[in-house]
Amino acid sequence: MVVLRSIAAAGLLILAAIAGAGAQQDYPKRTIRVVTGSGPGSYDFYARVLAPKLQELLGQPIYVDNKVGANGMLSVLEVARAQPDGYTLLFSATGTLSINVSVMADVTIDPARDLTAVAQVATVPMVWLTHSGSDLKSMGDLVSATRAQPGKVTYGLPSYGSLNHLVLEGLRQKNELSIVTVPYKETSKTQSDLMGGRLAVMVDSLGAAMPLIADKRVVPLAVTTSERARRLPEIMTVQEAGFDDRDYVGWYGFLAPKGTPRAIVEKLNKAINQALADPTIAERYRELGAEPVADRTPDEFGAFIAAERDKFGAIVRTAGIKIE
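Here's what I pulled together on the structure shown here. Given the structure is predicted, the values throughout are model-derived calculations rather than measurements.

With respect to the overall build of the chain
Moving on, step 1. When helices and strands are counted, the chain shows 13 helices and ten strands.
Moving on, step 2. Its C-alpha atoms give the chain principal-axis dimensions of roughly 80 × 45 × 35 Å.
Moving on, step 3. The buried share of the chain, reckoned over its 324 residues, is 51%.
Moving on, step 4. Taking all contacts inside the chain whose residues are at least 6 apart in sequence as the whole, residues at least 24 apart take part in 78%.
Moving on, step 5. Accessible surface, the chain as shown: approximately 14,700 Å² in total, 53% of it carbon and sulfur.
Moving on, step 6. The positive charge centre, built from 34 side chains, and the negative charge centre, built from 34, are 3 Å apart in the chain.

Rendered as structure tokens:
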């Protein structure tokens, strides 16, 4: 009897393996819906640039669906509740995937735990900026000015609990700085007041800041990544300056409902990475200040999301940041 049970169990495992292989071979058979919490014309751009190439590689239409609301969490909930069959995917970003779980009081879903990572597609450096008439020429100048005049140096904050906010808090905690946070409701107004000299500094994504840097309306002090940015190779990193050893970067990627067959996840990962390796797509990403990521496995991306969640969670707890 024990032998028969063992044979039966082995048979079930073989059937499961065959079914998984079949799922990969047959998938996809119909349109794949990509849900994103981005508003139209925002970071959904990265998914839309990929979509035609993915359609070519996978042989089925790719439909990008903007599901805006609750700081991106409506899109996460929609995908978490979807069938784990590879036909509903999430395309999302740093804040939604690794920050909201710590800063939003009513969030119960943790993307790192409750979804399946598929593929990271891009990273975008953040950059410390000052205005063109500022006496600040480096991160050393900023830190020195803040220590010399506690409570006088102003920082424009376009969104509470955002990546921009946590970059500031990380620097403040590492160096025990007293910087005045000036809250705003939108990035454009923050940029305007910085250019007008009504703020000392702000942090913005490199993509959003590059046109202003090119027109010399703002001045970059440092990038927040571990390596210098391709588009600003002459600007040092905050790590090089010695003020924060952590890497802060905006990033984007695809996830699937938990329980999606591994074979399907791997097929999607392979297709996405292949699309990202296309020189035309890579160049379009770089035009916006992003760097394509065309070699990360699902497991590597999943571990990265969890590590980002833990890093930002520690900053949030120390700063006491909470969105009710």
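Notes on the layout of surface pockets
Moving on, step 1. Estimates place the volume of the largest pocket at around 1,000 Å³.
Moving on, step 2. Taken together, 34 residues form the lining of the largest pocket, with Ser42, Tyr43, Ala93, Asn164 and Tyr252 sitting closest to its centre.
Moving on, step 3. Element by element, the count of residues in the lining of the largest pocket is highest for helix α4 (residues 94-103), at five residues.
Moving on, step 4. Of the residues contributing to the lining of the largest pocket, the split by class is 14 nonpolar, 18 polar and two charged.
Moving on, step 5. Roughly 520 Å³ of volume is contained in the second largest pocket.
Moving on, step 6. Lining the second largest pocket are 23 residues; nearest its centre among them are Thr123, Thr225, Glu227, Val249 and Glu291.
Moving on, step 7. For the lining of the second largest pocket, the secondary structure elements donating two or more residues are β4 (115-131) and β10 (291-292).
Moving on, step 8. In terms of residue count, the dominant contributor to the lining of the second largest pocket is β4 (three residues).
Moving on, step 9. By residue class, the composition of the lining of the second largest pocket is nine nonpolar, five polar and nine charged.

Re the pairing of strand β7 (residues 201-205)
Moving on, step 1. For β7, the buried fraction is high: four of the five residues fall into the buried class.
Moving on, step 2. Both β4 and β7 contribute to a ladder of five bridges, which runs antiparallel. Along β7, the bridge assignment pairs threonine 130 with valine 201.
Moving on, step 3. Here strand β5 (residues 154-157) pairs with β7 via two bridges, running parallel.

Comments concerning unusual backbone geometry
Moving on, step 1. With an omega dihedral of -5 degrees, the bond running from tyrosine 27 to proline 28 counts as a cis peptide bond.
Moving on, step 2. The topology assignment puts proline 28 in the loop between α1 (2-26) and β1 (32-36).
Moving on, step 3. For asparagine 71, which is not a glycine, the phi torsion comes out positive at approximately 55 degrees.
Moving on, step 4. In this structure, asparagine 71 sits in the loop between β2 (62-66) and α3 (73-80).
Moving on, step 5. Classification of asparagine 71 as partly exposed rests on a relative accessible area of 47%.

Considerations on the packing of helix α7 (residues 163-175) against helix α13 (residues 298-319)
If you want to describe how two helices pack, look at the angle between their axes and the distance between the axes.
Moving on, step 1. Axis separation between α7 and α13 bottoms out at 10 Å; the angle between their running directions is 70 degrees. Looking at the two axes, α7 sits roughly perpendicular to α13. Every residue of α13 that contacts α7 at Leu163, Leu166, Glu169, Gly170 and Gln173 is listed here: Phe312, Ile315, Val316, Thr318 and Ala319.
Moving on, step 2. For the contact of α7 with α13, the class distribution of residues is six nonpolar, three polar and one charged.

Regarding the environment of serine 42
Moving on, step 1. Mapped onto the fold, serine 42 is located in the loop between β1 and α2 (44-58).
Moving on, step 2. Given a relative accessible area of 40%, serine 42 falls into the partly exposed group.
Moving on, step 3. Counting along the chain gives 14 residues from serine 42 to glutamate 56, while the straight-line C-alpha distance between them is 24 Å.

Considering the packing of aromatic side chains
Moving on, step 1. Taken as a whole, this structure holds twelve aromatic pairs when the rule is applied.
Moving on, step 2. Within the aromatic cluster, the residues linked to one another by ring pairs are Tyr43, Phe45, Tyr46, Phe91, Tyr252, Phe254 and Tyr285.
Moving on, step 3. One residue, arginine 296, lies across the ring of phenylalanine 304, its end atom 4.7 Å from the ring centre.

Some remarks on the environment of leucine 136
Moving on, step 1. Relative to the assigned elements, leucine 136 resides in the loop between β4 and α6 (139-148).
Moving on, step 2. For the pair formed by leucine 136 and leucine 221, sequence separation is 85 residues and the distance between their alpha carbons is 8.0 Å.
Moving on, step 3. Residues in contact with leucine 136, not counting those within four places in the same chain, are Thr130, Asp141, Leu142, Ala145, Ala200, Val201 and Leu221.

Some details on the nonpolar core
Moving on, step 1. Judged by nonpolar contacts, the single largest core of 47 residues is most densely connected at Trp128, Met139, Leu142, Tyr155, Leu171 and Val201.
Moving on, step 2. At six residues, α13 tops the list of elements feeding residues into this core.
Moving on, step 3. Not counting the four nearest positions on each side in its chain, leucine 171 is found in contact with Trp128, Met139, Leu142, Leu177, Val238, Phe243 and Asp244.
Moving on, step 4. Counting 35 residues, the second largest nonpolar core, distinct from the first, contains Leu54, Val64, Ile272 and Tyr285.

The rules behind each value
Residues numbered from 1 in each chain as written. Predicted model: local features only at pLDDT ≥ 70, side-chain atom pairs only at ≥ 80, totals over all residues. Heavy atoms only, no water. Helix = DSSP H or I, 4+ residues; strand = E, 2+ residues; numbered from the N terminus. Buried < 20%, exposed > 50% of the residue type's maximum accessible area, 1.4 Å probe, protein only. Contact = heavy atoms within 4.5 Å. Areas by Shrake-Rupley, 256 points an atom, 1.4 Å probe, with all protein chains shown as cover. Lys, Arg positive; Asp, Glu negative; His and termini not counted. Charge placed at Lys NZ, Arg CZ, Asp CG, Glu CD. 1 Å grid on protein atoms, 1.4 Å probe; cavity = no way out; pocket = protein on both sides within 12 Å on 5 of 7 lines; lining within 4 Å. Points joined across faces, edges and corners; volume = space filled by probe spheres on them. Nonpolar A, V, L, I, M, F, W, Y, C, P; charged D, E, K, R; others polar. Pairing = 2+ DSSP bridges. Axes fitted to C-alpha atoms, helices over the stretch in contact; angles between N-to-C directions. Parallel < 35°, antiparallel > 145°, perpendicular 65-115°, else oblique. Phe/Tyr/Trp six-rings, centres within 6.5 Å; stacked < 30°, edge-to-face > 60°. Lys NZ or Arg CZ within 6 Å of the ring centre and 35° of its normal. Core = buried A, V, L, I, M, F, W, Y, C linked by side-chain atoms within 4.5 Å.

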